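Letter by letter, the chains look like this.
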Amino acid sequence: MPVETSLPTIAVLGTGIIGAPVARNIARAGFPVRVWNRTPAKAKALEEDGVQAFRTPADAVRDADVILTVLKDGPSVQETIADAVEALKPGAVWLQLSTVGVEATDTLAGIAAHAGLVFYDAPVLGTRQPAEQGQLVIFGSGPVDVRAVVQPIFDAIGKKAIWIDDKPGASSRLKLALNAWVFVLTHGAAESLSIAQALGLDPALIMEAVAGGPLDCGYLQTKGKAMLAGDYATSFSVENGAKDAQLVLDALVGTDVRADLAAAGLERIAAGHGGKDIAASFLA
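Anyway, here's the lowdown on the structure attached to this text. A quick note: this is a predicted structure, and the numbers were derived from the prediction, not measured.

## Considering helix α4 (residues 74-84)
Stage number 1. Along α4, the residues that are buried comprise G74, S76, V77, T80, I81 and A84. Buried residues of α4, seen end-on, are gathered within an arc of 160° and therefore sit on one face of the element.
Stage number 2. Packing partners of the buried residues in α4 comprise β1 (10-13), β2 (33-36), α3 (57-61), β4 (66-69), β5 (93-96) and α5 (102-115).

Take a look at the structure:
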């Protein structure tokens, strides 16, 4: 039986690598949480964490005050919201956490306006471990007057929320710029380790040389060690990396800026390795 609470009811659509820990952490913060996933077993597995799992998006969002979409891409989000639209509560808040790019964000904001929803463009920075630890960084763009409802949810899933603008779109643009930096670190590490190996050296010497110095960072150490160990358990998949790199390139069409590093990284991971972690760039 659901626990009586004055907190808003949250529906999380998408319980994958990021969505599952997001739902779990929101429930731990005391919110009543309802979940749906395209693979029902993934949603069902969260019931032991005190959430309710539903078989359709419409069932999950019915009577929900806040909806979170944590899905792969723009088409997935649009399709899921279309399946749920009949059950959406007018005036409900929609937090769109997926990385979908600029054009899709504009489309989703339009859908929200038509459905009478309060829309927040709120992509997150972080992968599996930060999500599990409630340490995501959230970029929020949307109306100022409803942020008091949104902020406690962000506090439950992240170490900080950065408010970017009062209109959707700015957050998705910032996320693309930051993803470009993620690609630099990932593919740069893969290339450096590969060069050392090709020249007859132990590539672990690269990690030892930079450790604790100005060239070091936690992300480099994590991905570099995974590459050296051949550990490609998925935290941020090759498929999502390719999707996000293409979103960067698409967003820059019509500008005078070239994303050469994002394009080169896309070539490294376009060859395959599908569901493996993006550290599989080392295999290119």
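That was the structure; now back to the text.
## Describing the nonpolar core
Stage number 1. I10, V12, I26, V33, L68 and L95 are the most contacted members of the largest nonpolar core, which has 32 residues in total.
Stage number 2. When contributions to this core are tallied by element, the ones reaching two or more residues are β1, α1 (19-28), β2, β4, β5, β8 (136-141) and α7 (147-157).
Stage number 3. Dropping the residues within four chain positions of it, L68 is found in contact with I10, A11, V12, L13, V22, I26, L95, L97 and I153.
Stage number 4. Of all hydrophobic cores here, the second largest spans 26 residues; its members include L247, I278, A280 and F282.

## Quick word on the environment of G134
Stage number 1. The residue G134 is located in the loop between α6 (128-132) and β8 in this model.
Stage number 2. C-alpha of G134 to C-alpha of E267: the two residues are 133 residues apart in sequence and 33 Å apart in space.
Stage number 3. Leaving out residues up to four positions away in the same chain, G134 has contacts with N25, A156, I157, G158 and K159.

## Re the pairing of β5
Stage number 1. Because side chains alternate across β5, one face comprises the buried residues V93 and L95, and the other comprises W94 and Q96, equally buried.
Stage number 2. Two elements, β4 and β5, share four bridges in a ladder whose sense is parallel. Of the residues in β5, the one forming a bridge with I67 is W94.
Stage number 3. With α4 bridging β4 and its parallel neighbour β5, the resulting β-α-β unit is right-handed.
Stage number 4. As defined by bridge partners, β5 adjoins strand β6 (residues 118-121) across four bridges and the pair is classed as parallel. In the strand pairing of β6, L95 is matched with Y120.

## A few points about helix α10 (residues 218-229)
Stage number 1. Across its 12 residues, α10 extends 17 Å between first and last C-alpha, which sits within 8% of the 16 Å expected from 1.5 Å per residue.
Stage number 2. For α10, the set of buried residues is L220, Q221, K223, G224, A226 and M227.
Stage number 3. Two residues or fewer after α10 comes G230, characterised by a positive phi angle close to 65°.

Procedures and definitions
Residues take numbers from 1 onward in each chain, read along the sequence in its written order. Only residues with pLDDT of at least 70 are given local features in this predicted model, and only at 80 or more are side-chain atom pairs given and counted; all residues enter the totals for whole chains, interfaces and linings. Hydrogens and waters are ignored; side-chain quantities use all the structure's heavy atoms. Throughout, exposure labels follow a simple rule: accessible area from a 1.4 Å probe, protein chains only, divided by the maximum for the residue type, with under 20% read as buried, over 50% as exposed, and the rest as partly exposed. In DSSP terms, a helix is any run of H or I states spanning at least four residues, a strand is any run of E spanning at least two, and both are numbered starting from the N terminus. For this quantity, the arc is that covered by the directions from the helix axis to the C-beta atoms. Here a residue-residue contact requires only that any non-hydrogen atoms of the pair lie within 4.5 Å. For our purposes a nonpolar core is just a set of buried Ala, Val, Leu, Ile, Met, Phe, Trp, Tyr and Cys residues, chained together by side-chain atoms within 4.5 Å. For two strands to be treated as a pair, DSSP must find at least two bridges joining them. The path from the first strand over the helix to the second decides the hand: if it runs clockwise while the strands point away from the viewer, the crossover is right-handed. A helix is expected to reach a length of 1.5 Å times the quantity of its residues less one.

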